[in-house]
Amino acid sequence: MKYYKVKAKCGHVGRNHYIIKDFYVKANNGKEAAKQVRYTPRVKHHQKDAIQEVKEISLEEFVLGKRAMAEDKYFKVHNSTEQRSLNAVSNLDVFPETKILKYKRRRLGQYMKNQLLEKENKKMLQRGDTYE
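Residues numbered from 1 in each chain as written. Predicted model: local features only at pLDDT ≥ 70, side-chain atom pairs only at ≥ 80, totals over all residues. Heavy atoms only, no water.

**Q** Would you mind going over the environment of asparagine 121 with me for this structure?
**A** Within the element layout of this structure, asparagine 121 appears in helix H5 (residues 110-127). For asparagine 121, a relative accessible area of 32% translates into the label partly exposed. Between the alpha carbons of asparagine 121 and lysine 26 there is a distance of 35 Å; along the sequence they are 95 residues apart. (Helix = DSSP H or I, 4+ residues; strand = E, 2+ residues; numbered from the N terminus. Buried < 20%, exposed > 50% of the residue type's maximum accessible area, 1.4 Å probe, protein only.)

**Q** Just checking my understanding: could you explain helix H1 (residues 30-38) for this structure?
**A** Since one α-helical turn is 3.6 residues long, residues separated by three or four positions face the same way. Turning to H1, its buried residues number three or more, namely Ala33, Ala34, Val37 and Arg38. Seen along its axis, H1 keeps its buried residues to an arc of 135 degrees; they face one direction. When the buried face of H1 is taken as reference, the exposed residues oriented beyond 90 degrees from it are Lys31 and Lys35. In the core, the buried residues of H1 are packed alongside strand S1 (2-10), strand S2 (17-27) and strand S3 (51-57). (Arc of directions from axis to C-beta. Contact = heavy atoms within 4.5 Å.)

**Q** Can you walk me through unusual backbone geometry in this structure?
**A** If a residue is not glycine, its phi is most likely negative; likewise, a peptide bond is most likely trans. One non-glycine residue, arginine 42, lies in positive phi territory at about 85 degrees. In this structure, arginine 42 sits in the loop between H1 and S3. We note that asparagine 87 has phi near 50 degrees; this positive angle belongs to a residue other than glycine.

**Q** Whenever I open this one, the pairing of S2 confuses me. Can you help?
**A** A regular strand carries its side chains on alternate faces of the sheet. Pairing geometry for S1 and S2, over 9 bridges, is antiparallel. Within S2, the residue paired with lysine 7 across the bridge is aspartate 22. Linking S1 back to S2 in an antiparallel pair, the connection comprises 6 residues, with histidine 12 at a positive phi of about 65 degrees. Relative to strand S4 (residues 94-96), S2 is paired through 3 bridges, and the arrangement is antiparallel. Along S4, the bridge assignment pairs isoleucine 19 with valine 94. (Pairing = 2+ DSSP bridges.)

**Q** Just checking my understanding: could you explain the environment of valine 89 for this structure?
**A** Turning to its location among the elements, valine 89 is positioned in the loop between helix H4 (80-85) and S4. For valine 89, a relative accessible area of 18% puts it in the buried group. Each C-alpha atom, one on valine 89 and one on valine 37, is 20 Å from the other, the two residues being 52 residues apart in sequence. For valine 89, the residues in contact, after removing those within four places along its chain, are Val13, Ile19, Tyr74, Gln83 and Val94.

**Q** I tried to follow the nonpolar core on my own but got confused; where do I start?
**A** One broad rule of soluble globular proteins: the nonpolar side chains tend to lie buried together. Ranked by internal contacts, the top residues of the largest apolar core, which has 24 residues, are Val6, Phe23, Val37, Val43 and Val89. Within the residue set of this core, elements represented by two or more residues are S1, S2, H1, S3 and helix H2 (59-71). Here the element with the most residues in this core is S2; it accounts for 5 residues. What valine 43 contacts, discounting residues up to four positions off in sequence, is Ala8, Lys9, Cys10, Phe23, Val37, Arg38 and Ala50. (Core = buried A, V, L, I, M, F, W, Y, C linked by side-chain atoms within 4.5 Å.)

Structure below.
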């Protein structure tokens with residue numbers, strides 16, 4: 001296992017805005033480290049440029065980075081109200097999105113709905129149920 005420092009775009013700082021944070025992870029290679037961070041909560045995983053940089057680091061840097069992450073208020077809070085009350089994010093750290101996504105129509109959780117349907121179908125197939 002190797003140690004990596006991954007810079008990623010994080011959200012929950014306002015509509016069409018982001019903040020860049022460092023994540024410290026253990027992985028076999030850089031690609032795996034980037035994938036791990038992309039699907040971490042708060043990371044803008046739906047954007048192609050969510051991962052800014054992946055850098056291999058030493059064990060000492062990894063331990064110091066993990067400690068810094070644990071002390072960072074941004075990672076301690078659980079909702080936006082806490083975030084505002086504790087001043088977890090400085091306005092100087094927040095950047096506006098260059099490319100703003102606008103959907104033609106509202107999306108009402110289709111991804112989650114499809115995942116649940118797929119899961120149900122797999123269970124039915126395993127039990128041998130049929131659609132009747």
